[in-house]
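Analysis of the macromolecular model
Letter by letter, the chains look like this.
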Amino acid sequence: LRLPETRTDAAMSELVPEPRPKPAVPMKPVSINSSLLGYIGIDTIIEQMRRKTMKTGFDFNIMVVGQSGLGKSTLVNTLFKSQVSRKSSSWNREEKIPKTVEIKAIGHVIEEGGVKMKLTVIDTPGFGDQINNENCWEPIEKYVNEQYEKFLKEEVNISRKKRIPDTRVHCCLYFVSPTGHSLRPLDLEFMKHLSKVVNIIPVIAKADTMTLEEKSEFKQRVRKELEVNGIEFYPQKEFDEDLEDKTENDKIRQESMPFAVVGSDKEYQVNGKRVLGRKTPWGIIEVENLNHCEFALLRDFVIRTHLQDLKEVTHNIHYETYRAKRLNDSGGLPPGEGLLGTALPPVPATPCPTAE
């Protein structure tokens, strides 16, 4: 027996809306390891990329920072086995020590095995050489940010270049004086500020001035001081992409860093071989001998295993951070243009306390 529908029931049915169909969720692509019936040629993509890279070449920009007399120019020349950095010893004696930190960039084209690399070495004479070194890292931080700004302006152009010139600093070698005691306040302040904008790799210069025990203890002390002060050097822990990267980089972070190195561009005869080294009254220190110093580890790390990653971290992390802040500050407009076409001020250097 069906009861007649009352007016109240009818009104309720009008008020209650019909359930809306759920939006269709796109299915996730299903990965199936199917066996190919024949050769396609997918594996040639690597060879295609290699050929293209060999034609165009690539850029690598390395900055060296540290007090005078730590062998910065010599080490870079040793690293790339060519005179890519001018030595300060070649300056005239009449030439005065710069009153402020200067930035000197020297570009070279290096070719090996058909691969061309445009290498730029950025030197910073005057850093840490003054009586008052207050805020002496600011010109360096300003230079790094200026290169990001230059790249950003090219990137947001309507008719931009097919290949934007890359002057961004991919790597900063920071030279620590081999005191055997601890890092100076200036070292900590520099790395604290610059590690946020560039990949810093700390190196202990002139490691042949320390005994093996002193070197080992100093390396541990430097690592501890960097950790206590919250300073992250390259390779940064949070940028490890997978377990393999983490395992490899953990070993570098916990054992190799900071690299204790010796640089020399002079060759000597040792056991019938020509080797780069430093001659002392008690023998020859071979630069590329792991029993003598860690130069070979530094070279392999910077050039042979992590060069591409240094470039990617610079682009995907440091540059993206700068770009997001810059566009956010300008309301999403291209840099250099305000609401009425007025110029916007550049991003200032990070304010920092006085270093003694």
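Residues numbered from 1 in each chain as written. Predicted model: local features only at pLDDT ≥ 70, side-chain atom pairs only at ≥ 80, totals over all residues. Heavy atoms only, no water.

1. Here's the deal with the packing of aromatic side chains
Quick note on the threshold: Side-chain rings of Phe, Tyr and Trp, where Trp is taken by its six-membered ring, are said to pair if the distance between their centres is within 6.5 Å; with planes under 30 degrees apart they count as stacked, over 60 as edge-to-face, and otherwise as tilted. The helix and strand labels rest on DSSP assignments: H or I over at least four residues marks a helix, E over at least two residues marks a strand, and numbering proceeds from the N terminus. Exposure is judged per residue with a 1.4 Å probe applied to protein chains only, and the accessible area is read against the type maximum: over 50% gives exposed, under 20% gives buried, and values in between give partly exposed.
All told, the structure shown has 8 aromatic pairs when counted by the stated rule. Considering the side-chain rings of Phe127 and Phe190, the 5.2 Å spacing of their centres and the 70° angle between planes classify their relative orientation as edge-to-face. With Phe127 in the loop between strand S3 (115-123) and helix H4 (138-155) and Phe190 in helix H5 (residues 185-194), this residue pair connects regions lying 63 residues apart in the sequence. For Phe127, a relative accessible area of 0% corresponds to the buried category. Taken together through their ring pairs, the aromatic side chains of Tyr148, Phe151, Tyr319 and Tyr322 make up a single cluster.

2. Points about helix H2 (residues 45-56)
Each full turn of the α-helix corresponds to 3.6 residues, which orients residues three or four apart in the same direction. The test is simple: An expected span of 1.5 Å times one less than the residue number is assigned to each helix.
Its 12 residues place the ends of H2 17 Å apart at the C-alpha level, agreeing with the 16 Å of an ideal helix rising 1.5 Å per residue. Remark: Gly57 follows H2 within two positions and exhibits a positive phi of approximately 75°.

3. Some points on a nonpolar patch on the surface
To keep things clear, this is the line we draw: Exposure above 30% relative accessible area and the absence of a salt bridge qualify a residue for a patch, where like charges join within 9 Å and nonpolar side chains (Val, Leu, Ile, Met, Phe, Trp, Tyr) within 5 Å. Note on areas: Shrake-Rupley with a 1.4 Å probe; residue coverage comes only from the protein chains shown. For salt bridges, the criterion is a side-chain nitrogen of Lys or Arg within 4 Å of an Asp or Glu carboxyl oxygen.
There is a patch of nonpolar side chains on the surface, built from Leu36, Ile40 and Ile42 and spanning about 340 Å² of accessible area. Relative to the helices and strands, Leu36 is located in the loop between helix H1 (7-15) and H2. The exposure class of Leu36 is exposed, given its relative accessible area of 57%.

4. Things to note about the side chain of Asp123
Our working definition: Charge counting follows a simple rule: Lys and Arg are positive, Asp and Glu are negative, and His as well as the terminal groups are ignored. Residue contacts are counted whenever heavy atoms from the two residues lie within 4.5 Å of one another.
Structurally, Asp123 is set in strand S3. Look at Asp123: it is buried, it has no salt bridge, and the nearest opposite charge is Lys72 at 4.8 Å. Ignoring anything within four residues of it in the chain, the contact list for Asp123 reads Val64, Lys72, Ser73, Glu102, Ile103 and Lys104.

5. As for the sheet that holds strand S1 (residues 58-65)
Sheet strands pair via backbone hydrogen bonds, and the direction of the pair is either parallel or antiparallel. Convention followed: Strands are treated as partners if at least two bridges between them are detected by DSSP.
The 6 strands are arranged S2-S3-S1-S4-S5-S6 in an open sheet whose pairing can be described as mixed. Bordering the open sheet on either side are strand S2 (104-112) and strand S6 (259-260), each of which pairs with just one other strand. Pairing of S1 with S3, which is carried by 7 bridges, proceeds in the parallel orientation. Note on S3: the bridge partner recorded for Asn61 is Thr120.

6. Some thoughts on a negative patch on the surface
Selection rule: For this purpose, a charge sits on NZ of Lys, CZ of Arg, CG of Asp or CD of Glu.
On the surface, Glu241, Asp242, Glu244, Glu248 and Glu312 cluster together into a negatively charged patch. With respect to the helices, strands and loops of the structure, Glu248 is situated in helix H7 (residues 243-256).

7. Quick word on the packing of H4 against helix H9 (residues 307-329)
Rules: In this analysis, axes come from line fits to C-alpha atoms, helices being fitted only over the stretch in contact, and the angle between any two N-to-C directions falls in the range 0 to 180 degrees. Our angle categories are set so that under 35 degrees counts as roughly parallel, over 145 as roughly antiparallel, 65 to 115 as roughly perpendicular, and the remainder as oblique. Throughout this entry, Asp, Glu, Lys and Arg are counted as charged residues, while Ala, Val, Leu, Ile, Met, Phe, Trp, Tyr, Cys and Pro are counted as nonpolar. The remaining residues, Gly among them, count as polar.
Relative orientation of the contacting elements H4 and H9 amounts to 80°, with a least axis distance of 10 Å. Taken together, the axis directions place H4 and H9 in an arrangement best described as roughly perpendicular. Contacts between H4 and H9 involve Asn145, Tyr148, Glu149, Phe151, Leu152 and Glu155 from the former and Thr314, His315, His318, Tyr319, Tyr322, Arg323 and Arg326 from the latter. In the contact of H4 with H9, the residues fall into 5 nonpolar, 4 polar and 4 charged.

8. Comments concerning the environment of Met63
In this fold, Met63 is placed in strand S1. What makes Met63 buried here is its relative accessible area of 0%. Along the chain, Met63 and Asp123 lie 60 residues apart, while their C-alpha atoms are 6.0 Å from each other.

9. Quick word on the side chain of His318
Among the secondary structure elements, His318 is positioned in helix H9. Excluding anything up to four places from it in sequence, His318 contacts Tyr148, Ser195, Lys196, Val197, Val198, Asn199, Gln236 and Val313.

10. Focus on the sheet that holds strand S9 (residues 283-286)
The strand order across the open sheet built from 3 strands is S7-S8-S9, with neighbouring strands paired in antiparallel fashion. The open sheet terminates on both sides in strands that have one partner only, identified here as strand S7 (267-270) and S9. Each strand of the sheet is rotated relative to its neighbour by a mean of 70°, with strand direction disregarded. When S7 meets strand S8 (residues 273-280), the two strands line up antiparallel, connected through 4 bridges. The partner of Gln269 across the bridge, within S8, is Arg274.

11. Looking at the pattern of salt bridges
Evaluated as defined, the whole model comprises 20 salt bridges. Residues Asp59 and Arg163 are paired through a salt bridge, measuring 3.9 Å at the closest nitrogen-oxygen approach. Separated by 104 residues along the polypeptide, Asp59 in strand S1 and Arg163 in the loop between H4 and strand S4 (171-176) bring together distant segments of the chain. Overlapping salt bridges, with partners in common, bring together Asp240, Lys246, Asp250 and Arg253 in one network.

12. Let's talk about unusual backbone geometry
A cis amide bond links Tyr234 to the next residue, Pro235, at an omega of 0°. Positionally, Pro235 belongs in the loop between helix H6 (212-228) and H7. Here the residue pair Met257 and Pro258 is connected by a cis peptide bond, since its omega of -15° sits within 30 degrees of zero. The topology assignment puts Pro258 in the loop between H7 and S6. One non-glycine residue with positive phi stands out, namely Lys206, at about 45°. Residue placement: Lys206 occurs in the loop between strand S5 (200-204) and H6. Of note, the phi angle at Asn271 is positive, near 50°, even though the residue is not glycine. Along the chain, Asn271 turns up in the loop between S7 and S8. On the accessibility criterion, Asn271 (78% relative accessible area) is exposed.

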